[in-house]
Amino acid sequence: MTDLLVIVGLAALGAAVVGLCAAPAVRVLRRRSVALSLFAVAALAVAAMAAGTVAVAQAMFLSGHDLGVVMAVVGVSGVVSLAAALLFGRRIAAGSRELARSARTVGSEGGFAAPTEPPTAELAALSRALEETSGRLAEARERERALDASRRELIAGISHDLRTPLAGLRAMAEALEDGVAEDTERYHSRMRVEVERLAAMVDDLFELARIEAGALALTLSRVSVYDLVDDALAGARPLARARGVRLVDGGVAPLPVRVDAQQITRVLSNLLVNAIRATPANGTVAVSARDESGRVVLAVEDGCGGIPADDLARVFDTGWRGGAARTPRADGESGAGLGLAIVRGIVEAHEGRATVRNAGAGCRFEVELPAAGAPAG
């Protein structure tokens, strides 16, 4: 037992001496090739094994022949180990260089081109992470492009919608100043309507700015969906009568929700006015509310004839109007593409979801909100 401990101690001493001598190499090899690092590790292992073997052989007083055999075995093993380390190191270095070249494609138009066969599990994991990052960057780029397009459409729409009432106001003001207006009362009435149009547009812009800035303050309270729908219908009936459109109860249950009643009423009003404007005379607009897996789903279905499939994903984008300029205004005229964007912003602020799909002879807009979690009182 004592001899065994002596042998172990001598082998450890020899390996430790080699390790201490090789310690400065750790600093020298910093930021060097992985192939060189692997070769150095293998060389250190071979040198430590050789030093330990020589120390033990000297202590055991081996003959010259036996010592030569032992050293030959150590030498051959070391050469094979160093060759294998060099081969594996070069392969890993080549894989790292290929991954580095591929990493330069992250965020490019063509997307990340992953290496075919990364040599190690770590490089494969890094390749997958870069691929996921590239995908997220591509999605962010597409969102940025969509936002830029929406802003351009919004600016174009706002410019057009501001120009029309402002031109009318200027013409009527000049007519009144020149004294050529025969019916001044009618001119004043029309000017008030145009000013209200401008005020409503500015209100929409302000509301949308608050939503996009995350500054929309909600005053939550427990209310019945039935009351929210009733308030929205009361405001939409005059426009429906003027347009010859019938408002239909599609089944509204008195489900409880915890929402900002004023904001959700605005959501429903926007959807109803939008549906009424898009529905031809003698058509119907149906409103419904149902419970679906603990969520309350409010739906407004119109008779617009449907939205092209390519436009469905853009309906709630800022500035979107579509072929029929569906975005609602308080006076029934087309707006700057803000109404449905406001709908989505308010609903998402309530941790809900707004969707649209073609259904029957028109479109079905759905607003999904979290239920209050308790029966109505």
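Residues numbered from 1 in each chain as written. Predicted model: local features only at pLDDT ≥ 70, side-chain atom pairs only at ≥ 80, totals over all residues. Heavy atoms only, no water.

Caption draft 1: Local environment of unusual backbone geometry. For Asn282, which is not glycine, the phi torsion reads 70° and is therefore positive. Examined against the element boundaries, Asn282 turns out to sit in the loop between α7 (261-278) and β4 (284-292). A residue is classified by how much of its surface remains accessible, and Asn282, at 70% relative accessible area, is exposed. Its identity is not glycine, yet Glu351 carries a phi of approximately 60°, on the positive side. Within the secondary structure, Glu351 is located in the loop between α9 (339-349) and β6 (353-359). Under the relative-accessibility criterion, Glu351 is labelled exposed at 65%. (Helix = DSSP H or I, 4+ residues; strand = E, 2+ residues; numbered from the N terminus. Buried < 20%, exposed > 50% of the residue type's maximum accessible area, 1.4 Å probe, protein only.)

Caption draft 2: Local environment of the side chain of Gln263. Structurally, Gln263 can be placed in helix α7. Setting aside chain neighbours within four positions, we find Gln263 in contact with Glu207, Arg210, Leu216, Leu218, Ile346 and His350. (Contact = heavy atoms within 4.5 Å.)

Caption draft 3: Main features of the packing of helix α6 (residues 225-243) against α7. Closest axis-to-axis distance for the α6/α7 pair is 9 Å, and the angle between their directions is 25°. As judged from the angle between their axes, α6 and α7 are roughly parallel. Between α6 and α7 the crossing geometry is right-handed. For the pair α6 and α7, contact is made by Leu228, Val229, Asp231, Ala232, Leu233, Ala236, Leu239, Ala240 and Arg243 and by Ala261, Ile264, Thr265, Leu268, Ser269, Leu272, Val273, Ile276 and Arg277, respectively. Taken together, the residues of the contact of α6 with α7 sort by class into 13 nonpolar, two polar and three charged. (Axes fitted to C-alpha atoms, helices over the stretch in contact; angles between N-to-C directions. Parallel < 35°, antiparallel > 145°, perpendicular 65-115°, else oblique. Left-handed = near helix turned anticlockwise from the far one by under 90°. Nonpolar A, V, L, I, M, F, W, Y, C, P; charged D, E, K, R; others polar.)

Caption draft 4: Region of interest: the packing of α7 against α9. Their axes nearest at 9 Å, the elements α7 and α9 cross at an angle of 150°. In terms of orientation, α7 lies roughly antiparallel with respect to α9. The hand of the α7/α9 crossing is left-handed. The residues of α9 that touch α7, namely those facing Gln263, Ile264, Arg266, Val267, Asn270, Leu271 and Asn274, are Gly339, Leu340, Ile342, Val343, Ile346 and Val347. Classifying every residue of the contact of α7 with α9 by side-chain character gives eight nonpolar, four polar and one charged.

Caption draft 5: The environment of Arg91, seen in detail. Tracing the sequence through the fold places Arg91 in helix α3 (residues 64-103). For Arg91, a relative accessible area of 52% puts it in the exposed group.

Caption draft 6: Examining the packing of aromatic side chains more closely. All chains considered together, the criterion is met by one aromatic pair. Both rings, one in Phe316 and one in Phe365, keep their centres 6.0 Å apart while their planes meet at 85°; by these two values the pair is edge-to-face. One end of the pair, Phe316, is in the loop between α8 (309-312) and α9; the other, Phe365, is in strand β7 (residues 362-370), and 49 residues separate them in sequence. With respect to burial, Phe316 and Phe365 carry one shared label: buried. (Phe/Tyr/Trp six-rings, centres within 6.5 Å; stacked < 30°, edge-to-face > 60°.)

Caption draft 7: Main features of a positive patch on the surface. Together, Arg90, Arg97, Arg101 and Arg104 make up a positively charged patch on the protein surface. For Arg104, the position within the fold is in the loop between α3 and α4 (121-178). (Patch = residues over 30% accessible without salt bridge, like charges linked within 9 Å, V, L, I, M, F, W, Y side chains within 5 Å. Areas by Shrake-Rupley, 256 points an atom, 1.4 Å probe, with all protein chains shown as cover. Salt bridge = Lys/Arg side-chain N within 4 Å of Asp/Glu carboxyl O. Lys, Arg positive; Asp, Glu negative; His and termini not counted. Charge placed at Lys NZ, Arg CZ, Asp CG, Glu CD.)

Caption draft 8: Layout of the environment of Val287. Looking at the element boundaries, Val287 is found in strand β4. The sequence separation of Val287 and Asp249 amounts to 38 residues, and the corresponding C-alpha distance is 5.4 Å. Among all residues touching Val287, those that are not within four sequence positions of it are Val229, Leu233, Val248, Asp249, Gly250, Gly251, Val252, Leu272 and Ala299.

Caption draft 9: Local environment of the sheet that holds strand β5 (residues 295-301). The strand order β2-β4-β5-β7-β6 describes an open sheet built from five strands, whose pairing is mixed. Two strands lie at the open edges of the sheet, namely β2 (246-252) and β6, each paired on one side alone. Ignoring strand direction, the axes of neighbouring strands in this sheet form an average angle of 15°. Here seven bridges tie β4 to β5, and the two strands are oriented antiparallel to one another. In the strand pairing of β5, Asp291 is matched with Val296. Lying over the sheet, α6 contacts β2, β4 and β5, oriented at roughly 170° with respect to β2. (Pairing = 2+ DSSP bridges.)

Caption draft 10: Representation of the nonpolar core. Ranked by internal contacts, the top residues of the largest apolar core, which has 50 residues, are Val225, Val229, Leu271, Leu272, Leu298, Phe316 and Phe365. The contact partners of Leu298, leaving out residues within four places of it in the chain, are Val225, Val229, Ile264, Leu268, Ser288, Ala289, Phe365, Glu366, Val367 and Leu369. Leu169, Tyr187, Met191 and Leu198 belong to the second-largest nonpolar core, a separate cluster that totals seven residues. (Core = buried A, V, L, I, M, F, W, Y, C linked by side-chain atoms within 4.5 Å.)

Caption draft 11: Up close: the side chain of Glu366. Within the secondary structure, Glu366 is located in strand β7. A polar side-chain atom of Glu366 sits 2.8 Å from a polar atom in the side chain of Arg364. (Polar contact = N/O pair within 3.5 Å; in protein donor to acceptor, adjacent residues only side chain to side chain.)

Caption draft 12: Up close: the pattern of salt bridges. Per the stated rule, a full pass over the model turns up 14 salt bridges. The closest approach of N and O atoms between Glu292 and Arg290, which form a salt bridge, is 2.8 Å. With a relative accessible area of 36%, Glu292 lands in the partly exposed category. For Glu366, the salt bridge is made with Arg357, and the minimal N-O distance between the two is 3.7 Å. Bridged by salt links that share partners, the residues Arg290, Glu292, Glu301, Arg357, Arg364 and Glu366 form one connected network.

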